[in-house]
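Structural description and commentary
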Amino acid sequence: VGKVREELRETHEEMMILRRNAMYLAIADRVAKPEMVGNIALVVAGLEGATKDDVKTVVERVARELVKDGKSPYAVMIVRKEEKSVGLTLKFSADLVPRGLKAGVMVRELAKLMGGGGGGSDEFAEAGGKDAGKMEDVVSLLRSKLATLS
């Protein structure tokens, strides 16, 4: 029984890694050619069927790839659609913080547009909201905040 449990755990972990790799590959083109807002590389993408942990893993990978490709400063926003709500995960490169942009503050402002709330640190934050129809407004506000730093 112990061996079967261990094999199941390992299989589950392998499936989780494969699922997260597939999620990253689905947005890899946006990472390779991010939108430039002034000198800030911006990646905005949506992930269907993703858990919060999936999104966090994908966001961290996106950030690593952007840095590896010399695309910093950067901002990454991943949207996770759920049945009756929407989740946002936001990551800023550390060099944006001294310029006055903090992910925790920004995500709260973005979440208000969707009828929700959130928070986090200066570089990483999460939020949730009820109105997925406001996503265009959310992305526009993020772009305008980034543009003021360029």
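The rules behind each value
- Residues numbered from 1 in each chain as written.
- Predicted model: local features only at pLDDT ≥ 70, side-chain atom pairs only at ≥ 80, totals over all residues.
- Heavy atoms only, no water.
- Helix = DSSP H or I, 4+ residues; strand = E, 2+ residues; numbered from the N terminus.
- Rg over C-alpha atoms; globule rule 2.2 N^0.38 Å.
- Buried < 20%, exposed > 50% of the residue type's maximum accessible area, 1.4 Å probe, protein only.
- Contact = heavy atoms within 4.5 Å.
- pLDDT = per-residue confidence, 0-100.
- Pairing = 2+ DSSP bridges.
- Core = buried A, V, L, I, M, F, W, Y, C linked by side-chain atoms within 4.5 Å.
- Axes fitted to C-alpha atoms, helices over the stretch in contact; angles between N-to-C directions.

1. Notes on the overall build of the chain
- Counting secondary structure elements, the chain contains 4 helices and 6 strands.
- Since a compact globule built from 150 residues should have a radius of gyration of about 15 Å, the 16 Å found for the chain is in line with a globular shape.
- Split into buried and exposed, the 150 residues of the chain put 40% on the buried side.
- Look at the contacts in the chain between residues 6 or more apart in sequence, and 58% of them connect residues 24 or more apart.

2. Here's the deal with the confidence of the model for the chain
- For the chain, per-residue confidence averages 94 on the pLDDT scale, and 99% of positions sit at 70 or higher.
- Averaged pLDDT values over the elements of the chain bottom out at 91 in helix α1 (residues 2-32) and peak at 97 in strand β1 (residues 35-37).

3. Focus: the pairing of strand β6 (residues 124-129)
- Summarising the sheet, strand β4 (residues 86-92) and β6 pair through 6 bridges and their orientation is antiparallel. Pairing of Lys91 across the sheet is with Phe124, part of β6.
- Here strand β5 (residues 117-120) runs beside β6; their pairing, made up of 4 bridges, is antiparallel. Bridging across to β6, Gly118 finds its partner in Ala127.

4. A look at the nonpolar core
- Met77, Leu88, Phe92, Leu110 and Leu142 are the most contacted members of the largest nonpolar core, which has 28 residues in total.
- Of all elements in the fold, only β2 (40-48), β3 (74-81), β4, α3 (103-113), β6 and α4 (135-147) reach the threshold of two or more residues within this core.
- Of all the elements, α4 adds the most residues to this core, at 6 residues.
- Apart from the residues within four sequence positions on either side, Leu110 is in contact with Met77, Leu88, Leu90, Val138, Leu141 and Leu142.
- Counting 19 residues, the second-largest nonpolar core is a separate cluster that includes Ala41, Ala50, Val59 and Leu66.

5. Observations regarding the sheet that holds β5
- Reading across from one edge, β1-β2-β3-β4-β6-β5 is the order of the 6 strands in this open sheet, with mixed pairing throughout. On the outer flanks of this sheet lie β1 and β5, each paired with one strand and no other. Here the strands of the sheet are splayed against their neighbours by 20 degrees on average, with no regard to which way each runs.
- Against the sheet, α3 makes contact with β3, β4, β5 and β6, and its axis sits at roughly 175 degrees relative to β5, the strand it touches most.

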